[in-house]
Amino acid sequence: MNKVRQKKLMWVMATLFGAIIAVVLVIYAVGQQTDYYFDPTAISQGKAPEDTRIRAGGMVVRGSVERDSTDPLNVKFKITDFKSTVPVSYKGILPDLFAEGSGVVATGALEGNTFVASEVLAKHDENYMPPEVAKSLKTQHQANGTDVNQAQFMPATPVKQ
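Residues numbered from 1 in each chain as written. Predicted model: local features only at pLDDT ≥ 70, side-chain atom pairs only at ≥ 80, totals over all residues. Heavy atoms only, no water.

When pLDDT is averaged across the chain, the result is 82; 82% of the residues are at 70 or more. Contacts for the low-pLDDT stretch residues 148-161, under 50 throughout, to residues beyond four places or in other chains number 27 contacts. (pLDDT = per-residue confidence, 0-100. Contact = heavy atoms within 4.5 Å.)

This part covers unusual backbone geometry. Phi at D51 takes a positive value of approximately 55°, unusual for a residue other than glycine. Its identity as a non-glycine residue notwithstanding, F82 has a phi of 75°, on the positive side. Its place among the elements puts F82 in the loop between β4 (74-80) and β5 (85-91). For F82, a relative accessible area of 15% corresponds to the buried category. (Helix = DSSP H or I, 4+ residues; strand = E, 2+ residues; numbered from the N terminus. Buried < 20%, exposed > 50% of the residue type's maximum accessible area, 1.4 Å probe, protein only.)

This part covers the environment of S89. Inspection of the secondary structure puts S89 in strand β5. For the pair S89 and K76, spaced 13 residues apart in sequence, the C-alpha separation works out to 4.6 Å.

Quick look at the packing of aromatic side chains now. Two numbers describe a pair of aromatic rings. These are the distance of the centres and the angle of the planes. Under the definition given, this model contains one aromatic pair. An angle of 65° between the planes, with centres 5.0 Å apart, marks the rings of F77 and F98 as edge-to-face. Placement of F77 in strand β4 and of F98 in the loop between β5 and β6 (103-111) is noted, with a sequence separation of 21 residues between them. Taking the relative accessible area as the measure of exposure, F77 reaches 2% and is therefore buried. (Phe/Tyr/Trp six-rings, centres within 6.5 Å; stacked < 30°, edge-to-face > 60°.)

Attention shifts here to the UniProt feature "transmembrane region" (unreviewed entry) in the chain. UniProt feature "transmembrane region" (unreviewed entry): in the numbering of this structure it lies at residues 9-31. For residues 9-31, helix accounts for 100% and strand for 0%, while the C-alpha atoms at its two ends are 33 Å apart. (UniProt positions renumbered as here; feature names shortened; annotations may be inferred.)

Attention now moves to a nonpolar patch on the surface. Taken together, M1, L9 and M13 make up a surface patch of nonpolar side chains, about 350 Å² in accessible area. By secondary structure assignment, the location of L9 is in helix α1 (residues 3-33). (Patch = residues over 30% accessible without salt bridge, like charges linked within 9 Å, V, L, I, M, F, W, Y side chains within 5 Å. Areas by Shrake-Rupley, 256 points an atom, 1.4 Å probe, with all protein chains shown as cover. Salt bridge = Lys/Arg side-chain N within 4 Å of Asp/Glu carboxyl O.)

The subject of this paragraph is the pairing of strand β2 (residues 54-60). Counting buried residues along β2, six of its seven residues qualify, which places the element largely inside the surrounding structure. As paired strands, β2 and β6 are joined by six bridges and run antiparallel to one another. Following the sheet pairing, R55 is matched in β6 by T107. Bridging between β2 and β4 involves two bridges; their strand directions are antiparallel. For V60, the partnering residue across the bridge sits in β4 and is I79. (Pairing = 2+ DSSP bridges.)

Attention shifts here to the nonpolar core. Counting 21 residues, the largest nonpolar core has F77, F115 and V120 as its most contacted members. At the level of elements, α2 (40-44), β2, β4, β5, β6 and β7 (114-122) are the ones that each hand at least two residues to this core. Contact partners of V120, with chain neighbours within four places excluded, come to F77, Y90, L94, P95, F98, V104, V105 and A106. Within the second largest apolar cluster, five residues are counted, among which are M59, F82, V105 and L137. (Core = buried A, V, L, I, M, F, W, Y, C linked by side-chain atoms within 4.5 Å.)

On the secondary structure map, D81 appears in the loop between β4 and β5. Salt bridges are absent for the buried D81, whose nearest opposite-charge side chain, K83, sits at 7.3 Å. Side-chain polar atoms of D81 contact the backbone nitrogen of K83, separated by 3.1 Å. At 3.0 Å, the side chain of D81 forms a polar contact with the backbone nitrogen of S84. (Lys, Arg positive; Asp, Glu negative; His and termini not counted. Polar contact = N/O pair within 3.5 Å; in protein donor to acceptor, adjacent residues only side chain to side chain.)

Pairing of β5 with β7, which is carried by three bridges, proceeds in the parallel orientation. Residue S89 lies in a different strand from β7, and its bridge partner there is V116. Across eight bridges, β6 lies against β7 in antiparallel orientation. Its bridge partner lying in β7, T107 is registered against E119. Linking β6 back to β7 in an antiparallel pair, the connection comprises two residues, with G112 at a positive phi of about 70°.

Following this line, the structure appears as structure tokens:
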């Protein structure tokens with residue numbers, strides 16, 4: 001093999017190697033930022049991994065919101081998909097639209113039986129529900145034969161914007 005061909009081959013190999021490294025780094029970065037969604041039933045059945053960042057969503061159970069008397073930023077509440085209920089612990093300021101009976105999606109990790117949230121997102125108007133929560137609730141209601149708009153989980157007064 002002559003030197004010109006050998007030099008071209010080395011450039012092609014170096015470029016190919018660089019492209020492979022770039023693709024591997026992109027795939028790794030995307031994998032680190034991916035949060036898998038689990039509904040309360042999957043979490044209570046042990047399908048959700050512990051100590052791994054995940055998303056959990058459902059309806060906030062009416063009467064389950066408890067604020068710590070010494071630190072008002074510590075909040076505990078329960079979420080449900082009308083089949084199972086999971087306790088959630090959160091330290092921080094809850095969104096303005098957070099309310100009992102409304103849909104939420106929380107990002108955090110499962111520690112034992114409690115979901116420790118690092119972020120809580122609430123629905124942004126009275127007609128919207130996060131797609132993951134809506135799909136999960138619809139699936140659970142079809143399996144149970146119950147009505148999606150159960151009164152005990154609906155907010156007492158709708159939020160007006």
